[in-house]
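# Chains, contacts and geometry: an overview
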Amino acid sequence: MSKNKKIIIGILIAVLLIISVVVVYKVIEKSVTNRVDFNFKVDNNSSIPVDTVNNKEKLDTQILEKIAKNLQDIMAEEIKDEQENPQILITEGWIRIFNKEKYKKIISIGKPAMKPLYYILYKS
């Protein structure tokens, strides 16, 4: 099979997966919101909704720096690998990151990593 056909098949599979996820989400959303006992209310407990994210004093800066460094190292490695071998995206996909040692170090931190990870995601 030629390189172009593999790329097209990969794109089609990705599109089908996205469509499937959207359809499943909509079906679940409809079944949940159509329940008789559905009563969902969000209370704003703060005048600034994201004050817990913006308050860096509550973050463990050592863990934040460790996580940020590991994530940056992982991304640098992946970018280098993808530039050297573009086929890696199709053959191994993005899930190959889960096998990286630095990813496992982040996961091994456990619960103390939750707030710094959320902070990194929110700020990115």
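Just above, that's the structure.
Figured I'd write up the structure that's included with this text. (Residues numbered from 1 in each chain as written. Predicted model: local features only at pLDDT ≥ 70, side-chain atom pairs only at ≥ 80, totals over all residues. Heavy atoms only, no water.)

### Considerations on the overall build of the protein
What the protein contains, in helices and strands, is six helices and zero strands. Mapped in sequence order, the helices and strands of the protein form the string α-α-α-α-α-α. Looking at the protein as a whole, 14% of its 124 residues qualify as buried. Across the protein, every contact between residues at least 6 apart in sequence was considered, and the portion connecting residues at least 24 apart equals 69%. Carbon and sulfur atoms form 62% of the exposed surface of the protein, whose accessible area is close to 10300 Å². (Helix = DSSP H or I, 4+ residues; strand = E, 2+ residues; numbered from the N terminus. Buried < 20%, exposed > 50% of the residue type's maximum accessible area, 1.4 Å probe, protein only. Contact = heavy atoms within 4.5 Å. Areas by Shrake-Rupley, 256 points an atom, 1.4 Å probe, with all protein chains shown as cover.)

### Remarks on the nonpolar core
Core analysis: the biggest nonpolar cluster contains six residues, these being Ile63, Ile67, Ile74, Ile106, Ile109 and Ala113. Only α3 (61-84) and α5 (101-109) provide two or more residues apiece to this core. Here the element with the most residues in this core is α3; it accounts for three residues. When neighbours within four sequence positions are excluded, Ile67 is seen to be in contact with Ile106, Ile109, Ala113, Pro116, Leu117 and Ile120. (Core = buried A, V, L, I, M, F, W, Y, C linked by side-chain atoms within 4.5 Å.)

### Thoughts on α3
Helical periodicity: at 3.6 residues per turn, an α-helix aligns residues three or four positions apart in one direction. For α3, with 24 residues, the first-to-last C-alpha span of 34 Å sits near the 34 Å given by 1.5 Å per residue. Among all positions of α3, only Ile63, Leu64, Ile67, Asn70, Ile74 and Glu78 are buried. Its side-chain oxygen placed 3.2 Å from the backbone nitrogen of Gln62, Asp60 serves as the N-cap of α3. (Expected span 1.5 Å × (residues − 1). Polar contact = N/O pair within 3.5 Å; in protein donor to acceptor, adjacent residues only side chain to side chain.)

### Digging into the packing of α3 against α5
Viewed as axis vectors pointing N to C, α3 and α5 meet at an angle of 155 degrees, and their least axial separation amounts to 9 Å. Considering their axes alone, α3 and α5 lie roughly antiparallel with respect to each other. For α3 against α5, the interelement crossing comes out left-handed. Packed against α3, whose contacting residues are Ile63, Lys66, Ile67, Asn70, Leu71, Asp73, Ile74 and Glu77, the element α5 presents Lys102, Tyr103, Lys105, Ile106 and Ile109 at the interface. Partitioned by chemical class, the residues of the contact of α3 with α5 number seven nonpolar, one polar and five charged. (Axes fitted to C-alpha atoms, helices over the stretch in contact; angles between N-to-C directions. Parallel < 35°, antiparallel > 145°, perpendicular 65-115°, else oblique. Left-handed = near helix turned anticlockwise from the far one by under 90°. Nonpolar A, V, L, I, M, F, W, Y, C, P; charged D, E, K, R; others polar.)

### Topic: the packing of α3 against helix α6 (residues 114-123)
Each pair of packed helices can be described by the angle between their axes along with the distance between the axes. With their axes 9 Å apart at the nearest point, α3 and α6 run at an angle of 55 degrees to one another. As summarised for this structure, α3 and α6 are arranged oblique, according to the angle between their axes. Seen from above, α3 lies across α6 with right-handed handedness. Residues Ile63, Leu64, Ile67, Ala68 and Leu71 of α3 form the contact with α6, whose participating residues are Pro116, Leu117, Tyr119 and Ile120. Within the contact of α3 with α6, the residues separate by chemical class into nine nonpolar, no polar and no charged.

### A short note on the packing of aromatic side chains
Counted by the stated rule, this structure contains one aromatic pair. Judged by centre distance (5.1 Å) and plane angle (50 degrees), the ring pair of Phe98 and Tyr103 falls under tilted. According to the relative accessible area criterion, Phe98 is partly exposed, its value standing at 37%. Under the relative-accessibility criterion, Tyr103 is labelled partly exposed at 24%. (Phe/Tyr/Trp six-rings, centres within 6.5 Å; stacked < 30°, edge-to-face > 60°.)

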